[in-house]
Amino acid sequence: MSNLIAEKLIIAVSSRALFDLDESHTIFENDGVNAYCNHQVKNEDVPLNPGVAFGLVKKLLALNERDLANPRVEVILLSRNSADTGLRVFNSIQHHQLEIGRAAFTRGASTHPYISAFGTHLFLSADPDDVRRALEAGFAAATILSSASIQSPDAKDSAQLRIAFDGDAVLFSDESERIYKQNGLEAFNGNEVMVAKQPMLGGPFKNFLAMLHQIQLEYPADKSPIRTALITARAAPAHERVIRTLRAWNIRIDEALFLGGKDKGVFLKAFGADIFFDDQQKHCESARQHVATGHVPHGVANE
């Protein structure tokens, strides 16, 4: 973990995740690329409203305020817009006073080749194909889902960044989830008891959690600007292996909720998550009613 201490956390976000581009996307789908381009150029001085990932990005960038000369976080824009139509996006970034300077505009092509080039630790996009390609290449990535929880950029919410994760196939590998899918709950619990002291392999979000943990270590525990939570459908006796795995990784998780299959949405609202990551669509549907949600199309649940 020591090699992560001085490393900057790099988040890549698509324009449709950062801003509300639903109207523009509808024009693109109904009237074609030329109509879309004309609309964006005509409205390039009209700021776009915040999208689902806006609040998260704002809080991530706020982590740099402690030491502006040595920022700990950088947000990169990856967009399928052309540079011409992307001018509205950059104007909106300036309007909302977001410190985002680096970008790639691909004019309709997939943005995933630039995830590695920028050294990205997390990729957030509204395009499921780009997200899947990023996951296949070994990067933490999620498809940002529409949500009723978007707040105004002036909302008086907590300044603390709160991120929640599912366990299997997100923080951990899907090895145990495969047993559950194939043989049921009794076999799953039996296996987890048998291998309780054997740490699980890491899932696609392990390194991202580790990066958050390294930033947390720079603050007293009671004054950290980041709070994390594991919110899992697991329950006893399958809890022990989770705890021992995080201990073996030497990674702190601030809150752990073992829900035993209960609906996750209300618990995420209680935690106050700025975003939640889960591999299963049913949990994402519950979550997005309350908080910003990223679907992680990885593992056995998405085959």
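Shown above is the structure to which this text applies.
Only a predicted model underlies this, so the values are computations on that prediction, with no experimental measurement involved.

What follows is about the packing of aromatic side chains. The full count for this structure, using the stated rule, is 11 aromatic pairs. Ring plane angle 50° and centroid distance 5.5 Å describe the contact between F172 and W249, whose orientation is recorded as tilted. With F172 in the loop between β6 (161–165) and α8 (175–183) and W249 in helix α11 (residues 239–249), the pair connects residues that are 77 residues apart, well separated along the chain. Using a relative accessible area of 1% as the deciding quantity, one classes F172 as buried. Owing to a relative accessible area of 10%, W249 belongs among the buried residues under this scheme. On the numbers, 6.5 Å between centres and 90° between planes, the contact of F208 with F277 is edge-to-face. Here F277 lies in strand β9 (residues 275–278) and F208 lies in helix α10 (residues 206–216), a separation of 69 residues in the sequence. Pair check on accessibility: F208 and F277 agree, each one buried. By the ring-pair criterion, three or more aromatic residues cluster together here, those being F165, F205, F208 and F277. One residue, R66, lies across the ring of Y219, its end atom 4.5 Å from the ring centre. Here the guanidinium or amino end of R162 rests over the ring plane of F271, the centre of that ring lying 5.2 Å away.

Turning next to the packing of α8 against helix α9 (residues 185–194). Between α8 and α9, the least distance of the axes is 7 Å, while the angle of their chain directions is 150°. Along this stretch, α8 crosses α9, giving a crossing that reads as right-handed. Where α8 approaches α9, its residues S176, I179, Y180 and N183 are matched on the opposing element by L185, A187, F188, N191 and E192. The residue makeup of the contact of α8 with α9, split by class, is five nonpolar, three polar and one charged.

Once that is clear, we can look at the nonpolar core. L18, F165, F205, F208 and F277 are the most contacted members of the largest nonpolar core, which has 65 residues in total. For this core, the element with the most residues is α10, which contributes six residues. Core analysis: the second largest hydrophobic core is formed by 11 residues, L257, L268, F271 and A287 among them.

Take the pairing of strand β5 (residues 140–144) next. Of all the five residues making up β5, five are buried; the element is thus mostly covered by neighbouring parts of the structure. Here β5 shows two buried faces, one formed by A140, A142 and I144 and the other by A141 and T143. With four bridges connecting them, strand β4 (residues 122–125) and β5 associate as parallel partners. Residue S125 lies in a different strand from β5, and its bridge partner there is T143. With two bridges joining them, β5 and strand β10 (residues 293–295) adopt antiparallel strand pairing.

Definitions and cut-offs
Residue indices follow the written sequence of each chain, beginning from 1 at its first position. Per-residue local features are limited, in this predicted model, to residues with pLDDT of at least 70; the limit for side-chain atom pairs, both in listing and counting, is 80 or more; totals at the level of whole chains, interfaces and linings are taken over all residues. As a convention, hydrogens and water are excluded, and side-chain values are obtained from all of the structure's heavy atoms. Each Phe, Tyr or Trp ring (for Trp, its six-membered ring) is paired with any other whose centre lies within 6.5 Å, and the angle between the two planes then decides the class: stacked below 30 degrees, edge-to-face above 60, tilted in between. Starting at the N terminus, helices and strands are each numbered in turn, a helix being any DSSP run of H or I of at least four residues and a strand any DSSP run of E of at least two. When accessible area is computed with a 1.4 Å probe and restricted to protein chains, residues below 20% of their type maximum are described as buried, those above 50% as exposed, and intermediate ones as partly exposed. Two thresholds decide whether a charge sits over a ring: the Lys NZ or Arg CZ must be within 6 Å of the ring centre and within 35 degrees of the ring normal. Every axis corresponds to a line fitted to the C-alpha atoms, with the helix fit spanning only the stretch in contact, and the corresponding angles, defined between N-to-C directions, vary from 0 to 180 degrees. Here is the rule for handedness: rotate from the far helix to the near one, and if that takes an anticlockwise turn smaller than a right angle the crossing is left-handed, while a clockwise turn gives right-handed. We call two residues in contact when some of their heavy atoms are within 4.5 Å. When residues are sorted by character, Ala, Val, Leu, Ile, Met, Phe, Trp, Tyr, Cys and Pro go into the nonpolar class, Asp, Glu, Lys and Arg into the charged class, and all the rest, Gly among them, into the polar class. Nonpolar core, defined: a set of buried Ala, Val, Leu, Ile, Met, Phe, Trp, Tyr and Cys residues in which side-chain atoms within 4.5 Å join the residues together. Here a strand pair is declared whenever DSSP counts at least two bridges between the two strands.

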